[in-house]
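One letter stands for each residue in the lines below.
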Amino acid sequence: MLTLSQIFLLATAALSATAAPVEEQKGHSFTVHQVRNPKHVKNGALALAKAYRKYGAPLPEYLTNALNVTYSKTKRANTGSAVTTPEDYDVEYLTPVSIGTPAQTLNLDFDTGSADLWVFSTELSSKYQSGHSVYNPSKSSTSKKLSGSTWDISYGDGSGASGDVYTDVVNIGGVSFASQAVEAASTISTQFTEDTDNDGLVGLAFSSINTVSPRSQKTFFDNVKSSLSQPLFAANLNHDAPGSYDFGFADSSKYTGSITYTSVSTSQGFWQFTASGYSVGSTSYSTKVSGIADTGTTLLLLPDAVVKNYYSKVSGSQNSNTYGGYVFPCSASLPTFTYLVGSKSIVIPADYLNYSPVEDGSSTCYGGLQSSNGIGINIYGDIALKAAYVVFNGGSTPQLGFATKA
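In this text, all values refer to a predicted model and were calculated from it rather than measured experimentally. (Residues numbered from 1 in each chain as written. Predicted model: local features only at pLDDT ≥ 70, side-chain atom pairs only at ≥ 80, totals over all residues. Heavy atoms only, no water.)

Give a description of the overall build of the chain that names residues and reports values.
The secondary structure content of the chain amounts to seven helices and 28 strands. In the chain, buried positions account for 60% of the 406 residues. Of the contacts made within the chain by residues no fewer than 6 positions apart, 70% connect residues no fewer than 24 positions apart. Here the chain displays about 14800 Å² of accessible surface, and carbon together with sulfur accounts for 48% of that area. (Helix = DSSP H or I, 4+ residues; strand = E, 2+ residues; numbered from the N terminus. Buried < 20%, exposed > 50% of the residue type's maximum accessible area, 1.4 Å probe, protein only. Contact = heavy atoms within 4.5 Å. Areas by Shrake-Rupley, 256 points an atom, 1.4 Å probe, with all protein chains shown as cover.)

Give me the lowdown on the sheet that holds strand 25 (residues 369-371), citing residues and values where you can.
Taken together, the five strands give an open sheet; going across it, the order is 14-17-26-18-25, and neighbouring strands pair in mixed fashion. In this open sheet, the two strands that pair with only one neighbour each are strand 14 (272-275) and strand 25. Of the pairings in the sheet, the one linking strand 18 (residues 300-302) to strand 26 (residues 379-380) comprises two bridges and is antiparallel in character. Across the sheet, Leu300 pairs through a bridge with Tyr380, a residue of strand 26. (Pairing = 2+ DSSP bridges.)

How would you summarise helix 6 (residues 304-311) if you had to cite specific residues and measurements?
Among all positions of helix 6, only Val306, Val307, Tyr310 and Tyr311 are buried. Viewed end-on, helix 6 has its buried residues packed into an arc of 125 degrees, placing them on one side of the element. (Arc of directions from axis to C-beta.)

So what's going on with the pairing of strand 10 (residues 200-203)? Which residues, and what values?
Of the two faces of strand 10, both are covered, the one formed by Gly200 and Val202 as well as the one formed by Leu201 and Gly203. In the sheet, strand 5 (residues 104-111) pairs with strand 10 via three bridges, with the strands oriented parallel. Bridged to Phe110 within strand 10 is Val202. For strand 6 (residues 117-119) and strand 10, the ladder comprises three bridges, and the chain directions are antiparallel. Counterpart to Leu117 in the pairing with strand 10 is Val202.

Break down the nonpolar core for me, citing the residues and quoting the values.
Membership of the largest hydrophobic core comes to 66 residues, with the highest contact counts inside it found for Phe337, Tyr339 and Ile348. Per-element accounting of this core gives the leading share, four residues, to helix 6. If near-sequence neighbours (up to four positions away) are discounted, Tyr339 is found in contact with Phe273, Ala275, Gly277, Tyr278, Lys344, Ser345, Ile346, Ile348, Tyr380, Ala384, Leu385 and Phe402. By size, the runner-up hydrophobic cluster in this structure holds 26 residues, among which are Ala51, Ala66, Tyr366 and Ile379. (Core = buried A, V, L, I, M, F, W, Y, C linked by side-chain atoms within 4.5 Å.)

Given below as structure tokens:
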């Protein structure tokens, strides 16, 4: 049975980028920088479908049809590696992670909406390894198989992946953990291999939703947070420009004023919080909107009523079955969208909410705000998170902090 703890990697992007430096701070704190790659045209239906599959929701027929159109038109290319590289239109952020001894480097997705460190591996048949950097446990002197442990992800559309579990040295930004659980894929469906730039992911949600059986495993963050200067990490995800992840500290040069903290519900294993209200342009609504802060989801996915309130202010907008969501003329004037965290207003600029043309060269654009109806949970994805400096505090009482970007 599908659960919210399941994960899914779906994107169709190509990237080529040069490495950016990793900046270390004293006391086990570090920053991983991002590099933008403007090479590939993205599709909104794919971004929305990724969220449906990730959270175990069946794809509605209209979205399936939109994907069929997309797959028939999208060309994929296999290019080089990246250091935390936002693929075009800010779909996802990839970061090189070193695993094993000697180090094997894979490009992984930092995902606060899941809790598994999942990788392509040499246990896959060669056709599924093609285009990916893969983890080879036999080439690591520090690799140990976690006897009897397995993982298995399956979805209603027939896609899935499964494999063995190893412990090995994992290094991110110069901070290592010697016995991190690494989930190595041994079987995988074609749908997982279509993004040749993703080699897996680093889950940064709470360890309670880790999917390893019979005993769940801790996330990298949970394993290293006691050695960090502070038990936190911060996402500084920018629009159309490099950003960063900070571990162990909040970088005061990246925000202005104070950080406003709000409580987190961990009952489902996510960084779930409640916005105390929202605004569309200058029109305010007092409706509270609970949702999860998820760096592994591209779009802002909120209740129907919120979405309809927004697009009622966008001339020419429509909920399109053809394109799998709300679209509008690319020339349309969009209002801002503001969500409230306590007394702090996080303003998402209008240009963030214009996700991308529905096709390369099209004059119709796909909205960065879409309905969460059918997914089962509201998601503050990258569209929302890159409007603020966001602190994920994993202390004894978890909190999320939001600050105005510098």
